[in-house]
Amino acid sequence: MRGAVNATVVEAFDINDVANDVYEHNFGHRPYQGNIQTLSAADLDRYDADAWLLSPPCQPYTRQGLQKGSSDARAFSFLKILELIPQISRPPLILFVENVVGFEISDTHTKMLEILSENHFVTQEFILSPLQFGVPYSRPRYFCLAKRKPLSFQNPQFNNELLWAPGPLLGSDGCMVISEGEQSHGCCDKLLQACQPIKEFLELKNFRDEDLDSCIANVSETSDEVEEGNRSVSCPLNQFFVPSSLVERWGSAMDIVFPVSKRCCCFTKSYYRYVKGTGSLLATNKGTTKDKISKVEDLRLRYFTPREVANLHSFPDDFQFPHHISLRQRYALLGNSLSVGVVAQLFRYLFTNQSR
C-alpha cells in the first residue's frame, strides 16, 4: 500500500509466527494466523474485499526444487482459495499474484488462468526485477494482475500476455519484450547503466577507514555454516565480516560486489547462514575495485546488513524489526519477501482506471 494506492487492508494472512510479529510491530495489527485452506466462501464473503493480494508458497515451483506443482501439498491452499471464487456472493474485483520464476510454466499456473477466465477476469502477466526500476538488485519474480469485467487495464493490448519488461507500467515501449529470449544484451546493459550504485543503499556508507581497520572479524569457523553467536560485536560491522577460513574455502564460489557495482545477486533466506549461493558479499577494502582485484582474502568481505538488504528491497525507512527477532530470522524473512519498489509500480498500474 506504500505505492500511493488509495486502499485499506481488510485483513492480512500469514502462518509464520515470526513474520506476524514483524507485521504487528510495523502496522499495529496481527495478521490472521492459520492455514487459509480452512477458509470457506462464507468467511471470504464476510471480509467483503475488493482486492486479493496473493503470494503462495514458492517451493512447488522453484527451479532447484522437485517442481511438483499442484501435486505439492503446499500448493493446495492457493488452489482452494481460487476455487472458492465462483461460490462467493461478491467475488473480488482485482487479484494480484506473486511467485518465483518457474510458476508461469507450472500446472498450477494453467489452473489459475482457467479459473480466472471462467470467472470473467482479464489478466496481464509480468516477470520483473528491481534492476528494471533503477535498483541494483537482481531478483526476477513472476506477477499476475487480474481484473474482473467490466474493469479493464490501461493498456488492454497486453491482455493475456506475459511481459518481461515494465513498459506498460511506466508508459513506455522501451525495451518491450514478450519473452525471455527476446531480451537483448543492449537493453540489459542500458538497464544496468540506469541503476544506482550499491553504495547508495548501504547503511554504513559513511563509516571511516580508520574505524574499518579495527573491525576485522574475530571468528574461527571452518564450515560453510556460520553461528552468529560466536561473533565478536566490538564494533557495528564486526559481526558481518566473513571469517577468513570461509573466504579461503569458498572464495572462488562467492559473488563479490563493490560499492560502485550496479548489480548484486538475489538474497535467499539462508543468507548469513551460508556464504555460497545465497547472495552477494561486499568488498570493503577501498584499495580494490572490480577492475583491480587483488587476492580475495584482501577484499575484507562482509555480508550486507539486514537494513541494507531491506534497502535493496525498497523497504521504507521507518520499517523496523522487533528487538527479539534474531539476526538469522531477519535474513530469513527478508529472503522470503517482496521488492516493495516493483510491487508499488504494479499496484499503481493495477488499481488505476477502475470502472464498475
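Worth saying up front: this structure is predicted, and the values here are computed from it rather than measured.

**Q** For this particular structure, what's the right way to read the UniProt feature "active site" (unreviewed entry) in the protein?
**A** Under the present numbering, the feature "active site" (unreviewed entry) in UniProt falls on Cys58. For Cys58, the position within the fold is in the loop between β1 (51-54) and α3 (76-83). For Cys58, a relative accessible area of 25% puts it in the partly exposed group. Dropping the residues within four chain positions of it, Cys58 is found in contact with Asn99 and Val100.

**Q** When you look at empty space enclosed by the protein in this model, what are you seeing that I'm missing?
**A** Vacant regions in the atomic arrangement are exposed by a probe of water-molecule size rolled over the atoms. Across all of its chains, the model carries one cavity of 30 Å³ or more by this definition. Its volume calculated, the largest cavity comes out at about 50 Å³. Glu98, Leu128, Pro130, Arg139, Arg141, Phe143, Ser337, Leu338, Ser339 and Val342 together form the lining of the largest cavity. Its residues assigned to classes, the lining of the largest cavity shows five nonpolar, two polar and three charged.

**Q** Whenever I open this one, the nonpolar core confuses me. Can you help?
**A** Nonpolar side chains in soluble globular proteins generally cluster together in the buried interior. Val242, Tyr303 and Phe304 are the most contacted members of the largest nonpolar core, which totals 38 residues. If you list the elements that add at least two residues to this core, you get α1 (17-27), α8 (244-250), β7 (281-283), α9 (306-312) and α10 (327-335). Among the elements that line this core, the one with the most residues is α10, at four residues.

**Q** Looking at this structure, I do not really get the sheet that holds β1. What am I missing?
**A** Sheets are built from strands paired through backbone hydrogen bonds, the pairs being either parallel or antiparallel. Taken together, five strands build an open sheet; the order of strands is β1-β2-β4-β3-β5 and the sheet is mixed. Two strands bound the open sheet, and with one partner strand each, they are β1 and β5 (162-163). One ladder, built from two bridges, connects strand β3 (residues 121-128) with β5; its direction is parallel. Counted as the bridge partner of Glu125 is Leu162 from β5. In the packing of helix α11 (residues 340-350) onto the sheet, the strands contacted are β1, β2 (94-100), β3 and β4 (141-148), and the crossing angle to β4 comes to about 15°.

**Q** Is there a simple way to explain the packing of α3 against helix α4 (residues 107-118) in this structure?
**A** When two helices pack together, their arrangement is given by the angle between the helix axes and by the axis-to-axis distance. For the pair α3 and α4, the least separation of the axes is 10 Å and the interaxial angle reads 10°. Taken together, the axis directions place α3 and α4 in an arrangement best described as roughly parallel. Along the contact surface, α3 presents Phe78, Leu79, Leu82 and Glu83, while α4 presents Thr108, Lys111, Met112 and Ile115. Grouping the constituent residues of the contact of α3 with α4 by class yields five nonpolar, one polar and two charged.

About the cut-offs
- Residues numbered from 1 in each chain as written.
- Predicted model: local features only at pLDDT ≥ 70, side-chain atom pairs only at ≥ 80, totals over all residues.
- Heavy atoms only, no water.
- UniProt positions renumbered as here; feature names shortened; annotations may be inferred.
- Helix = DSSP H or I, 4+ residues; strand = E, 2+ residues; numbered from the N terminus.
- Buried < 20%, exposed > 50% of the residue type's maximum accessible area, 1.4 Å probe, protein only.
- Contact = heavy atoms within 4.5 Å.
- 1 Å grid on protein atoms, 1.4 Å probe; cavity = no way out; pocket = protein on both sides within 12 Å on 5 of 7 lines; lining within 4 Å.
- Points joined across faces, edges and corners; volume = space filled by probe spheres on them.
- Nonpolar A, V, L, I, M, F, W, Y, C, P; charged D, E, K, R; others polar.
- Core = buried A, V, L, I, M, F, W, Y, C linked by side-chain atoms within 4.5 Å.
- Pairing = 2+ DSSP bridges.
- Axes fitted to C-alpha atoms, helices over the stretch in contact; angles between N-to-C directions.
- Parallel < 35°, antiparallel > 145°, perpendicular 65-115°, else oblique.

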